[in-house]
Amino acid sequence: MTDVATQAEVLIRVQGSLGRLTLNRPRAINALNHAMVQQISAALRKWRGDDRVRTVVLDGAGERGLCAGGDIRAIHRDAVGGGTGSLDFWRDEYRLNAQIANYPKPFVAIMDGLVMGGGVGLSAHASHRMVTERSVVGMPEVGIGLIPDVGGTYLLSRAPGLTGLHVALTNEKLNAADAIYLRMADREIRSEDIEHFIAAVDSAGADSALDEYGIAVDPSPLAAKANWINTHYAHSTVERVLDALRTAAETETLVAATAIESASPSCVKATFRAISEAKVMPDLKTALNAEFRAVSAALRSFDLAEGIRAQVIDKDRRPAWLPPRLSAVLPADVDKYFAPVPDLPFPDRV
């Protein structure tokens, strides 16, 4: 990770042939706020037509991670106080996700350390996605009363078999090999080589730098579980998935079932449906619009405020979900996450 001391929340500069973006809130593990989203988007628009910039490189300051996700405390203030700032943040964040996915120049994301939620949105849509032996990647949304967003439903629905659904429902953390297996990253490099790798990107281009610094990947623990995941998650409802997990012979299935049952019941059911629908969506923008509908509803739900309270504010890890269990979730409790809202305005040239 980059070691910097300036006060700017995003360091934006041109170095050689590189447009450098460094998230610079190391004490908050570079958590993403609205101003940072706007600054990154503006820099990308400027660099589209800047002939000096051949490649964009995104990394994070400090040793803890690229990005721990969005500013959850700010979202909690809106959820309990009736504010709308989070909707403005999500709207611009999702537009930035699409901007990165469609960027006309190589975009290299260094997914070193913790990469959660919004950090996945900044990196997993890039053209070149590097993980390291320190990478911990995850989509923890169901545990705080949300569904996977920032294009997460699109990414996870396209993972091998039903492994993406498993990760979405259980919030299983991914190491470097898992992230590559899940198709959320491309190659692994050593954390000690990051600065040398970036220098090679500048001098020779991203593909040549990968040839020089990419290393062999260890076997993926998630891939080793794919057989039972593909068997037990192949049901039409979450309840049937849980029954299969609870009665299976594999000891790991009980861990998965417990994780699902600890998350927001409404969000678990909404996520199950959202992943299924995202699988047949034609593009990322369609999925981002669907996710925006979901988070718009979540902002006014009980579970989002309660989930953040339990996991982040009070840290008692004992959310009192409403409804409290899957059997109490009504169709209307799920349908609210899919209620129409105006589509996001994606410019022709994002």
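Structure first, text after, so check above.
Quick look at the structure, then. (Residues numbered from 1 in each chain as written. Predicted model: local features only at pLDDT ≥ 70, side-chain atom pairs only at ≥ 80, totals over all residues. Heavy atoms only, no water.)

### Some thoughts on the overall build of the chain
Threshold: To qualify as a helix, a DSSP run of H or I must reach at least 4 residues; to qualify as a strand, a run of E must reach at least 2; elements of each kind are numbered from the N terminus. Here the globule rule reads 2.2 Å times residues to the power 0.38, and the radius of gyration is calculated from C-alpha atoms. Residue exposure (1.4 Å probe, protein chains only): buried if accessible area is under 20% of the type maximum, exposed if over 50%, otherwise partly exposed. Contacts are residue-level and defined by heavy atoms, with any inter-residue pair within 4.5 Å sufficient. With residues, only the protein chains shown are counted as cover, and all accessible areas are computed by Shrake-Rupley using a 1.4 Å probe. This count recognises Lys and Arg as positive and Asp and Glu as negative, with His and chain-terminal groups excluded. Where a charge sits is defined by one atom per residue type, namely NZ (Lys), CZ (Arg), CG (Asp) or CD (Glu).
Broken down by element type, the chain carries 17 helices and nine strands. In terms of overall dimensions, the chain is globule-like: its C-alpha atoms have a radius of gyration of 20 Å, near the 20 Å expected for 350 residues. Principal-axis analysis of the C-alpha atoms gives the chain an extent of 60 × 45 × 40 Å. Counting across all 350 residues of the chain, residues that qualify as buried make up 58%. A separation threshold of at least 6 residues defines the contact pool for the chain, and within that pool the share at least 24 residues apart is 73%. With the model as given, the accessible surface of the chain reaches about 14200 Å², and the carbon-plus-sulfur share is 51%. Of the charged side chains in the chain, 38 are positive and 43 negative, and the gap between their average positions amounts to 4 Å.

### Focus: empty space enclosed by the protein
Spelled out, the test is: We place a 1 Å grid over just the protein atoms. Points where a 1.4 Å probe fits but has no way out form a cavity, open points with protein on both sides within 12 Å along at least 5 of 7 lines form a pocket, and any residue with an atom within 4 Å of a point lines it. Grid points are joined across faces, edges and corners, and a volume is the space filled by probe spheres set on the points. Under the grouping applied here, Gly and all other residues not named as nonpolar or charged are polar, the nonpolar ones being Ala, Val, Leu, Ile, Met, Phe, Trp, Tyr, Cys and Pro and the charged ones Asp, Glu, Lys and Arg.
Applying the stated criterion across every chain, the model contains one cavity of 30 Å³ or more. Estimated volume of the largest cavity: approximately 60 Å³. Lining the largest cavity are I147, T153, A274, E277, A278, M281, A290, E291 and F338. Listed by contribution, the elements that provide at least two residues to the lining of the largest cavity are α14 (265-278) and α15 (284-298). Of the residues forming the lining of the largest cavity, the biggest block, three residues, is contributed by α14. Each residue belonging to the lining of the largest cavity can be placed in one class, and the counts come to six nonpolar, one polar and two charged.

### Brief notes about the packing of helix α8 (residues 194-204) against helix α9 (residues 206-213)
Using the following cut-off: Axis definition: a line fit to C-alpha positions, over the contact stretch in the case of helices; interaxial angles, taken between N-to-C directions, run 0 to 180 degrees. Each angle is binned into one of four classes, with values under 35 degrees roughly parallel, values over 145 roughly antiparallel, values of 65 to 115 roughly perpendicular, and all other values oblique. It is the rotation of the near helix from the far one that decides the hand of a crossing: anticlockwise by less than a right angle makes it left-handed, clockwise makes it right-handed.
Viewed as axis vectors pointing N to C, α8 and α9 meet at an angle of 140 degrees, and their least axial separation amounts to 7 Å. In this view, α8 runs oblique relative to α9, as classed from their interaxial angle. The element α8 and its partner α9 pack so that their crossing is right-handed. The residues of α9 that touch α8, namely those facing H196, F197, A200, V201 and A204, are A206, S208, A209, L210, E212 and Y213. By residue class, the composition of the contact of α8 with α9 is eight nonpolar, two polar and one charged.

### Topic: the pairing of strand β1 (residues 10-15)
Worth spelling out the cut-off: Pairing between strands is defined by DSSP: at least two bridges between them are needed.
Bridge count between β1 and strand β2 (residues 18-23): six bridges; the pairing is antiparallel. Considered in β2, the bridge of I12 is made with L21.

### What about the pattern of salt bridges?
Note that side chains of opposite charge can pair when their charged atoms are close. Worth spelling out the cut-off: Within this document, salt bridges are pairs made up of a side-chain nitrogen of Lys or Arg and a carboxyl oxygen of Asp or Glu, the two lying within 4 Å of each other.
Enumeration over the complete set of coordinates arrives at 17 salt bridges. Put simply, E172 and K225 hold a salt bridge, and the shortest N to O gap is 2.7 Å. Of the two residues, E172 is situated in the loop between α6 (163-170) and α7 (176-181) and K225 in the loop between α10 (221-224) and α11 (226-232); the sequence distance between them amounts to 53 residues. Comparing E172 with K225, the two get one shared label, buried. Salt-bridge contacts for R293 lead to D343; the nearest nitrogen and oxygen are separated by 3.8 Å. With R293 in helix α15 and D343 in the segment after α17 (331-335), the pair connects residues that are 50 residues apart, well separated along the chain.

### Some thoughts on the sheet that holds β1
Within the open sheet, the six strands sit side by side as β1-β2-β3-β5-β7-β9. Their pairing is mixed. At either end of the open sheet lies a strand with only one pairing partner, and these are β1 and β9 (187-188). Two strands pair when backbone bridges link them, and strand β3 (residues 55-60) and strand β5 (residues 107-111) are joined in this way by three bridges, in the parallel orientation. Along β5, the bridge assignment pairs V56 with F107.

### Side note on the layout of surface pockets
The computed volume of the largest pocket comes to approximately 970 Å³. Lining the largest pocket we find 41 residues, and of these A68, I72, P140, I144 and V312 sit closest to its centre. Looking at the lining of the largest pocket, the elements with two or more residues in it are α2 (72-81), α3 (85-101), β6 (114-116), α6, α13 (252-262) and α16 (302-313). Classifying every residue of the lining of the largest pocket gives 21 nonpolar, nine polar and 11 charged.

### Examining the nonpolar core
Looking at soluble globular proteins, one finds that nonpolar side chains tend to be buried together. To be explicit about the condition: As used in this record, nonpolar core signifies buried Ala, Val, Leu, Ile, Met, Phe, Trp, Tyr and Cys residues forming a set joined through side-chain atoms within 4.5 Å.
Among the nonpolar cores identified, the biggest contains 97 residues, and L21, L23, L44, W90, M184, Y233 and L304 are the most heavily contacted of them. The contact partners of Y233, leaving out residues within four places of it in the chain, are L162, L165, H166, L169, T170, W228, V241, L245, A256 and I260. One finds I189, I194, F197 and V201 within the second-largest nonpolar core, a separate group that totals 15 residues.

### Considerations on the environment of T170
Tracing the backbone shows T170 in helix α6. Between the C-alpha atom of T170 and that of E192, which follows or precedes it by 22 residues, the distance is 31 Å. Discounting chain neighbours no more than four positions away, the residues touching T170 are Y233, A256, A259 and I260.

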